[in-house]
Amino acid sequence: MKIGIVGGGLGGLLTGALLSKNHEVVIFEKLPFLGGRFTNLEYEGFQLTTGALHMIPHGDDGYLAQLLRKAGANVKIINSNPDGTFLINGKEYLYRDLFSLLGFKDKIKAITMSAKLKLGNVDKNISFGEFLEDVELALKIGNAFTGWALSLTAYETPMSEIIEIAKNYYKFGGPGIPIGGCKAVIDKLLRIIKTNNGKIIKEYEVKKIEIDEKAYIDDYEFDVVVSNISPIETQKICNIKFLKSKPKPSKGIKISIATKEGIIKHGGVLFTPECERINGLNQVTNVDKSLAPEGWHLVMTHQAQITNNVKKEIDLGLEDIDRLFKGKDYRILHIQSYRESWPVNHASNGTDIDNIVNDKLFLVGDGCKGRGGIEVEGIAMGVLKVVNYIEH
Ligand code: FAD
């Protein structure tokens with residue numbers, strides 16, 4: 001089969017690596033580099049990124065890791081231990097120790113909530129915020145988690161998604177960091193595509209997708225087209241209109257920091273529920289020293305964008321950083337805001353579009369993640385669905 005792929009982000013490249021084994025694949029990418037929002041951006045020896053925080057949400061056991069192995073991409077992913085800690089009143093707590101901070105009544109409520117979530121015995125039509133709001137600390141923790149992982153507030157996150165996310169978490173565990181960062185994943189996929197004689201055309205912006213007896217990308221003819229650009233952008237350039245609902249993007253701000261001293265002891269996430277804006281931070285150099293120059297740590301903070309005033313959001317983030325790093329050496333390397341055509345996710349969790357439009361047009365990427373799929377795990381779930389459909 002002749003397969004055309006629009007976009008060389010993680011979604012397009014993962015699909016390309018898997019399908020190029022048995023099919024003729026051509027990938028069109030409008031930018032001069034590949035990997036989209038999941039690759040490294042070198043700055044003064046620090047491996048910053050075009051988007052992601054160098055983290056794979058379910059580490060070496062999740063959907064992405066499984067698909068990378070299936071494609072033959074040998075990426076070393078180090079699982080975080082612990083998954084994360086929570087900074088409360090200047091002290092770091094493991095998730096299980098947070099209960100000790102609650103009064104008797106809140107403890108009972110929190111234990112009940114936790115059991116209900118584990119059993120999936122929850123009203124699916126409410127938001128995560130509504131589920132948590134009876135216990136003040138639980139709501140703060142929930143906001144830090146959804147802000148970090150989904151770039152949403154707890155009130156913007158549907159409970160139905162949290163139930164699926166929890167199932168995935170119990171199945172696969174928490175995050176991991178690929179050695180070499182995001183780019184290591186992209187480079188391995190590119191090598192596979194090249195070995196399988198797949199073709200990649202860079203600096204080519206696709207203007208038209210046409211689905212008829214055959215499938216066309218501009219004037220190139222294919223049997224099927226897989227689009228890795230957002231569902232909305234795909235529909236804009238396509239002759240068929242398939243969107244029944246509009247995915248809602250999630251927006252966020254990432255601040256990359258250089259520090260010699262470091263601020264975190266582990267390779268997981270330090271959630272910051274008491275910050276004004278920052279939801280959490282990681283220190284990827286605890287796992288892979290090569291992501292910063294010798295003697296330095298790379299710390300990345302993430303915050304969901306709450307208002308439309310990006311400057312104010314950044315200022316509030318910087319004030320949080322000032323408080324978090326009080327008395328420590330640090331230097332801001334880069335501030336990036338993610339919205340519009342380069343958001344955190346093209347569809348926030350719960351607003352994703354189905355991957356299969358018809359038997360000639362397929363969608364992959366973070367506008368069409370699988371249910372309960374956090375970020376690249378959701379992309380991998382969607383890619384698997386498309387690859388299975390095309391192959392069988
Ligand atoms: P993209 O990476 O956007 O790829 C789409 C590609 O299509 C792009 O390269 C684009 O240039 C190209 N394109 C667009 N239009 C055209 C056209 N007309 N013709 C040709 N090419 C075109 N996820 C995680 O799992 N872990 C994290 O730690 C994490 N942290 C994040 C932190 C931030 C601040 C952000 C912004 C995102 C984060 N994510 C994280 C999310 C993750 O980075 C994205 O979900 C993922 O990279 C999206 O991949 P994609 O393939 O869907 O899209």
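In what follows, the structure referred to is the one given above.
Definitions and cut-offs
Every residue gets a number counted from 1 within its own chain, in the order that chain's sequence is written. Per-residue local features are limited, in this predicted model, to residues with pLDDT of at least 70; the limit for side-chain atom pairs, both in listing and counting, is 80 or more; totals at the level of whole chains, interfaces and linings are taken over all residues. Note that water and hydrogens are dropped before the side-chain values are worked out from all heavy atoms of the structure. Strands pair, by our definition, only if DSSP identifies at least two bridges between them. Numbering of helices and strands runs from the N terminus; a helix is a DSSP stretch of H or I covering at least four residues, while a strand is a stretch of E covering at least two. To obtain each axis, a line is fitted to C-alpha atoms, and for helices this fit is confined to the stretch in contact; angles are then taken between N-to-C directions over 0 to 180 degrees. Working rule for contacts: check all heavy atoms of both residues, and any pair within 4.5 Å makes them a contact. A pair is scored as a salt bridge if a Lys or Arg side-chain nitrogen falls within 4 Å of a carboxyl oxygen belonging to Asp or Glu. Each residue is assigned to one of three classes by its accessible area relative to the maximum for its type, calculated with a 1.4 Å probe on protein chains only: buried under 20%, partly exposed between the two thresholds, exposed over 50%. Near, as used in this document, describes a residue that has one of its heavy atoms within 4 Å of the molecule or strand being considered. In the analysis that follows, any N or O atom pair within 3.5 Å is treated as a polar contact, provided that within protein one partner can donate a hydrogen and the other can accept it, and provided that, for residues neighboring in sequence, both atoms belong to side chains. Areas reported as accessible are Shrake-Rupley estimates using a 1.4 Å probe. Residue values count occlusion only from the protein chains shown.

Peer 1: Could you give me a rundown of the sheet that holds strand E13 (residues 224-227), with the residues and numbers involved?
Peer 2: Spatially, the five strands line up as an open sheet ordered E9-E2-E1-E13-E19, and their pairing is parallel. Strands at the two margins of the open sheet, each flanked by one partner only, are strand E9 (199-201) and strand E19 (361-363). On average, each strand axis in the sheet is tilted by 20° relative to the strand beside it, whichever way the strands run. Each of strand E1 (2-6), strand E2 (24-28), E9 and E13 is contacted by helix H1 (residues 10-19), which is oriented at about 165° to E2, the strand it contacts most.

Peer 1: Before we move on, can you summarise the pattern of salt bridges with the specific residues and values?
Peer 2: Evaluation of the coordinates by the stated rule reveals 19 salt bridges. Notably, a salt bridge pairs Lys-167 with Glu-164, separated by 3.2 Å at the nearest N-O pair. Taken together, the residues Lys-167 and Glu-164, both in helix H6 (residues 159-172) and three residues apart, mark about one turn of the helix. By relative accessible area, which is 46% here, Lys-167 ends up partly exposed. We note a salt bridge from Lys-311 to Asp-315, for which the minimum N-O separation is 2.8 Å. Taken together, the residues span about one helical turn, with Lys-311 and Asp-315 both in helix H9 (residues 310-324) at a distance of four residues. Three or more residues joined by partner-sharing salt bridges are found here, namely Glu-164, Lys-167 and Arg-371.

Peer 1: Tell me what's going on with the site of the ligand, and back it up with residues and numbers.
Peer 2: Close to the ligand lie 35 residues, the nearest being Glu-29, Arg-37, Met-55, Asp-366 and Glu-375. The separation between an oxygen atom of the ligand and a polar main-chain atom of Gly-11 is 2.9 Å. Backbone polar atom of Val-376 to an oxygen atom of the ligand: 3.1 Å apart, as the coordinates give it. Relative to its unbound accessible surface of 1,000 Å², the ligand loses 95% to contact with the protein. When contributions to the shell around the ligand are tallied by element, the ones reaching two or more residues are H1 and helix H10 (375-391).

Scope: geometric values only; no functional claims are made or implied.
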